[in-house]
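One letter stands for each residue in the lines below.
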Amino acid sequence: MSKITQNSARRTQNSQATRRDFLKTTAAASAVVATQLGLPAVHAAGSDRIKVGLIGCGNRGRGAAENVLSSASGVQIVALGDAFAEPLKNACELLTKFVQRQEIKDRDNTVDLPESRCFVGLDAYEKVIRCPEVNYVILATPPGFRPIHIEAAVAAGKNIFAEKPVAVDGPGIRKVLAACEEAKSKGLAIAAGTQRRHQRAYLETLQRIRDGAIGELVGGRCYWNTNTNTKRLAKPGTPDVAYQIRNWYGYPWLSGDHIVEQHVHNLDVLNWAFAAHPVAVVGMGYRVPRDPGFGPIFNFFAVDLEYPKGIHALSMCRQISYCANEIGEYLVGTKGMCHVNAFEINGKRLYTDKEKRKHPNPYVQEHTDLIESIRSGKPLNELKNVAESTLTAIMGRMSAYTGKRVTWEQALNSKEQLMPDSLTWDTPMPVPPVATPGKTPLV
Amino acid sequence: MPARSASKKKSLPCQGRGRVRLVCADEPPVLAYLTGYRRGTDFPYPGESLKMSKANTKPSASRRDFLKTATATASAAVAAQLSLPAVHAAGSDVIKVGLIGCGGRGTGAAENVLSAAPNVKIVALGDVFEGPLKHCRERLTKFAQSNRVKQLGNSVELSDSNCYQGLDAYKGVLSSEANYVILATPPGFRPIHLEAAVAAGKTIFTEKPVGVDGPGIRKVLKAYEEALNKNLAIVAGTQRRHQRAYLETLKKIHDGAIGDLVGGRAYWNQTTLWKRDRQKGMSDAAYQIYNWYAYVWLCGDHIVEQHIHNLDVLNWAFGTHPVKAVGMGYRVPRDKGYGAIYNFFAIDYEYPKGVHALSMCRQITGCANEVGEYLVGTKGMCHVNAYNINGKGLFTRKQLDTHTDPYVQEHTDLIASVRSGKPLNELKTVAESTLTAIMGRMSAYTGKAITWDMALNSKENTYPEGLTLDMSLPEPEVPTPGKTKFV
C-alpha cells in the first residue's frame, strides 16, 4: 500500500475510543468534529493547533522543530527544554528567525517562546511536558534519556515525535514497550525519527519487495561505514555528568554506541523488509585507537544477524576516516536483488534523479504524517517498530562487546542498565573501560 | 584393510577406513604440536638446539647438501622436459617422501602419507631447527612400526645424512632421492619452497595456505603453470576437498539441490591459539620463526593460516573467487608474544554477479565459537560442514564414522594421480583461496575496499630481504585501519 492510500485508509476508519482519548490529550475539539464528519484532515482555521514542545535543542532537535514547522499548517513551537542554556538559546534564536520565512508564514506557523516556557536543566523535559499548552513533544535529547522522556510524555498524554534510537539498553527498551502499550490505550500518536519509513521512494521500494518483486527474501546486508565522529568541546574541569552529556556520542549510557545511535536506520530497513526482528546475533567490533577524550565507544562493528527461518543478514558500521565508506541496505531474494537505498530492483532504478528530487523531504514528511494521523483521529504509533530496531542494534552491540551470541530474549531481558536511575549533575560517572570481547560479561 | 591399487580409477575418495575429524580439522595437529613440544619433559628445542649447534663443529648438513641441489635440479628438469611425471621417470612406483617442515602438521602429514598407499618411504627430513627434526624422526620411526604402515609395505629410512637442518634445509631435501615432497613449514616460506620443488620436478603435497602476500601468490601461480607444463602432481592441504562428505555435499549443490547460489557464510571463531615464548639466546629471526603464528610474514595472520579452509569451501561452492572484499578486524588486547596479528576479522566478500558472502574468524577465548560454512540458494539452504541440505542430513553419524580420514585421503588421491599418469594439480585453487584470505586481511588492516586485482598485484612483500637465522628483525606494529596504507 502506498503512503497515500495508507493515509486514506486511516481517514476512512473510525474509532470512537481513539477520538475520545484524543479529546483528553488535546484541546483541538473542532478537529475531532471535522474528522467525525469524515472531512479531509485539512487544517480547520487554527482550532486544532499543534503546539510543540521541543526537548533537546541540539542540531537534530532544532532541525526537527524546523521540520514540523514546514510539515503542516497550524503549528506553533511553544516550549523548549535542554540540559544546557547555550543550545536552548541558539535554538530559540534560530527558530525565531526560521518562522520569518514566507513559506512558514504562509502556513500560519509561529514560535511563541517566552522565557517562562524555556527550561534548562536535567529536569527540563518534565517542565516542557507539564506545560498545558504543549500537545506535541519532540524528543531529541541523547538517546539514553529517551525511555524516561517517552514514559513521561505518554503519562502526560502528549503526542510524540521521538528521535531514533529510543533507548540504549534492555531496561530502557522494556520501559519504551510499556509506554507503547499505554500510548495505544490512550490513543496517543507517536512517530519515530526513522524517516526512511516516511520516505516515498523507500515506501514504494519496500512495497514492491513485499509484493514479491525479488521473490522470497533469503538474505540482506546493511552498512553505515563513515568517517570518524569528532568530539565536541567541553570546558576543561567540567564535572563528569556535564562533560559526558556535552560529548554524549562517546558514552554508551548516552548514545548506545554508534551501532545504536546511527546504524539503527539501516537495521530498521532490514527489520521492515523482513517484517521481523533478528532472533540472535553474533557480532564483532572494537576500538581502533582514537582520541582518548572521546569516551569508550567502539568505532566499528560487524554483526551477523539471524532472522527467523535461518535467514541471515550482515550489518557493518564503522566510524573511522580514510576507510571504505558506504551507507545503505541490500536485500537478496529467490528471484533477484534489491539495492534498497538506490531504489533499485534487479538492476533497474525505480526513479530518475529528477523524479526523486520532487519527492517530499522525509524529515518533514514524518511530521506531516504524524500530524495528519492526529487530526484524522487515527493515531500512528511507531513506537514498537523503532523499539525493536533499537533493540536489534543493542543486541549487536552486546554481542560485539562481550563476544557472546546474544538472543533477542537475552537482549530484551538484559539487566544491564546504563542510565542511572536518578541522574543529577553531581552523580559520579567514572568513564567505564572499553569493552573487551571474551572478558566483558553479558549481563 | 587392502590398500587402494595404483590402477584404480580416481573417483570420490570414499575407499578405505579411518576416522574423520569432523570439526576444527586443524586442531588435532596443533594440539599434537603443543603436547609434543611444549609440554613434554624432553622439550627438544630451540634453546637446546641452538646450544647444540654451537657445540657441534661439523659442517651442517644443509650446507653440504646445498651443493647437491644444482645437479638434482638439472636432472629433474630433463625429466620434466620429456613430459614424464617425475615418479615414473625414476622408473619406480615407490613414493619417496621428503618432508620439509617437521612440526606437528608436517609430522602428521608424513604419518598420513605412510597410511595412504603402498610403497611409500620417508627418505628425507628438513627443518630450520634441530629439535623438531629430531622429534619428528623419532616419531616417524616409531610410527613405521604400526601394523597399518607395515601392511602397506611402507617404511621410514632416515639417517643423519638425510635429515637437513637450517633455512636451506629444503634445498637438501629437494636434492635427496625424494620424488614426493611435503611442504609443511610456516606458510611464509611456501612460495619459495613451491618454486624450488616445481623447478626440481617433484610431486608436491603442499600444506595450506600457499602464501602470505601478493608477491608470494604470484610466485605460486607461476609455479602452477610450470608444474602444468611438467605434468607434476600437486595436492594442497585443504583437506575438505578430499573429504567424502564434503565432496558429496558440494556435488549436490553443484547439481542444483538449493538452486542458484545467492549467498554464503563462513566462520572460524575459536579460542585464543598458542604462542611460544622466546628462548635464551634466540635471535629475532629464530624467535619469529619459532613463534611463527604471530608474524604476518610467516603466518599471514589467522584469517590466512586457518580460516582459508572455510573460504576455500565458499570458492569451491561458487566455482570462483571473490572480486572484492570490505573487511573489519582488529586486535583486542592480548598477552605479549602474539606479534602484531589481529585476533578477529569480519569480511564482506563480493563474488561475481553481486553475490555476497560473510566471513568471520576470531581467536579469542570466552566468545561464541563456530567453525563451518553455509550456503544460501534460490531453492534452499545448505549447512555445508553438517552435510545438511534444506534441513536434511546426508549422512548418519554412523555413516560418517566409516568415511576415510581426509588427511590420509588427500595423499591417497595424490599418489593415485601420480601412479595413473593423470596428475592432479590443485595449486591454482589453493592459491586463489589463499589470496581470498589475503585480500580480506588487507582490507581489514587498511580499512579499504580491496579488489582481487589489487591483492594479486600488491607490492607488499612481507618476506625479510636476505633472511638469515641470526638476523635482527623488528617487532611489527599492529596495523591500524584508516592509517595503514595499502601497498
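Model, not experiment: these values are computed from the prediction. Residue positions are counted from 1 within each chain, in the order its sequence is given. The lettering of chains begins at A and the numbering of ligands begins at 1, in the order of writing. This being a predicted model, a pLDDT of at least 70 is required before a residue's local features are given, and a value of 80 or more before pairs of side-chain atoms are given or counted; all residues contribute to the totals for chains, interfaces and linings.

Novice: Just checking my understanding: could you explain the pairing of strand β5 (residues 180-183) of chain B for this structure?
Specialist: Remember that side chains alternate between the two faces of the sheet whenever the strand is regular. Residue and element names in this part refer to chain B. Both faces of β5 are covered, namely the face carrying Y180 and I182 and the face carrying V181 and L183. For two strands to be treated as a pair, DSSP must find no fewer than two bridges joining them. Strands are runs of DSSP state E lasting at least 2 residues, helices are runs of H or I lasting at least 4, and numbering of each runs from the N terminus. Here strand β1 (residues 95-100) pairs with β5 via 4 bridges, running parallel. Each bridged residue has a counterpart across the sheet, and for I100 the counterpart in β5 is L183. Bridge count between β5 and strand β6 (residues 203-206): 4 bridges; the pairing is parallel. When the bridges of β6 are listed, I182 appears paired with F205. If the strands point away from the viewer and the path from the first strand over the helix to the second runs clockwise, then the crossover is right-handed. Regarding the hand of the β-α-β motif, the stretch spanning β5, helix α9 (residues 190-199) and β6 is right-handed. Exposure classification rests on a simple neighbour count of other C-beta atoms within 10 Å of a residue's own: a residue reaching 20 or more is buried, one at 12 or fewer is exposed, and one in between is partly exposed. C-beta atoms are placed from the backbone.

Novice: In this structure, what is going on with the pairing of strand β6 (residues 159-162) of chain A? I would like to understand it.
Specialist: All names here are of chain A. Of the two faces of β6, the one lined by N159 and F161 and the one lined by I160 and A162 are each fully buried. In terms of strand pairing, strand β5 (residues 136-139) meets β6 through 4 bridges, oriented parallel. The residue bridging Y136 from the neighbouring strand is N159, located in β6. Traced from β5 through helix α8 (residues 146-155) to β6, the parallel crossover comes out right-handed. Relative to strand β7 (residues 190-192), β6 is paired through 3 bridges, and the arrangement is parallel. Paired with F161 across the bridge in β7 is A191.

Novice: Looking at this model, I keep getting lost on the sheet that holds strand β13 (residues 380-383) of chain B. Mind explaining?
Specialist: Strand pairing in a sheet relies on backbone hydrogen bonds. The paired strands run either parallel or antiparallel. Residue and element names in this part refer to chain B. Pairing is mixed in the open sheet, where 9 strands are placed in the order β15-β14-β13-β12-β8-β11-β10-β9-β16. In the strand order of this sheet, the two ends are held by β15 (392-393) and β16 (449-451), each with one partner. In this fold helix α15 (residues 308-318) packs onto β8 (261-270), β11 (356-363) and β12 (370-377), with an angle of close to 170 degrees to the strand it touches most, β8. We call two residues in contact whenever the C-beta atoms placed from their backbones are within 7 Å. Axis definition: a line fitted to C-alpha atoms, over the contacting stretch in the case of helices. Angles run 0 to 180 degrees between N-to-C directions.

Novice: Help me understand the packing of α8 of chain A against helix α9 (residues 170-186) of chain A in this model?
Specialist: Residue and element names in this part refer to chain A. One way to put it is that α8 packs onto α9 with a least axis distance of 9 Å and a crossing angle of 20 degrees. By the angle between their axes, α8 is roughly parallel relative to α9. The two elements α8 and α9 meet at a crossing, and its hand is left-handed. Side by side, α8 and α9 meet where P147, I150, E151 and V154 of the first sit next to G172, K175, V176, A179, E182 and A183 of the second. Across the contact of α8 with α9, the residue classes break down as 6 nonpolar, 1 polar and 3 charged. Any angle that falls under 35 degrees is termed roughly parallel, while one over 145 is termed roughly antiparallel, one within 65 to 115 roughly perpendicular, and all others oblique. Less than a right angle of anticlockwise turn of the near helix away from the far helix marks a crossing as left-handed, whereas a clockwise turn marks it as right-handed. Here the nonpolar group is Ala, Val, Leu, Ile, Met, Phe, Trp, Tyr, Cys and Pro; Asp, Glu, Lys and Arg are the charged ones; every other residue, Gly included, is treated as polar.

Novice: Even after reading the chapter, I still don't get helix α14 (residues 264-274) of chain A, so can you show me in this structure?
Specialist: A turn of α-helix holds 3.6 residues, and therefore any two residues three or four places apart point the same way. Residues and elements named next belong to chain A. Burial analysis of α14 places 10 of its 11 residues in the buried class, which makes it a mostly covered element. Residues of α14 that are buried include every one of V264, H265, N266, L267, D268, V269, L270, N271, W272 and A273, and no others. Structurally, α14 contributes buried residues whose contacts are with α10 (200-210), β8 (217-226), α13 (258-261), β11 (312-319), β12 (326-333) and α17 (383-402). Within two residues after α14, A275 carries a phi angle of roughly 50 degrees, on the positive side.

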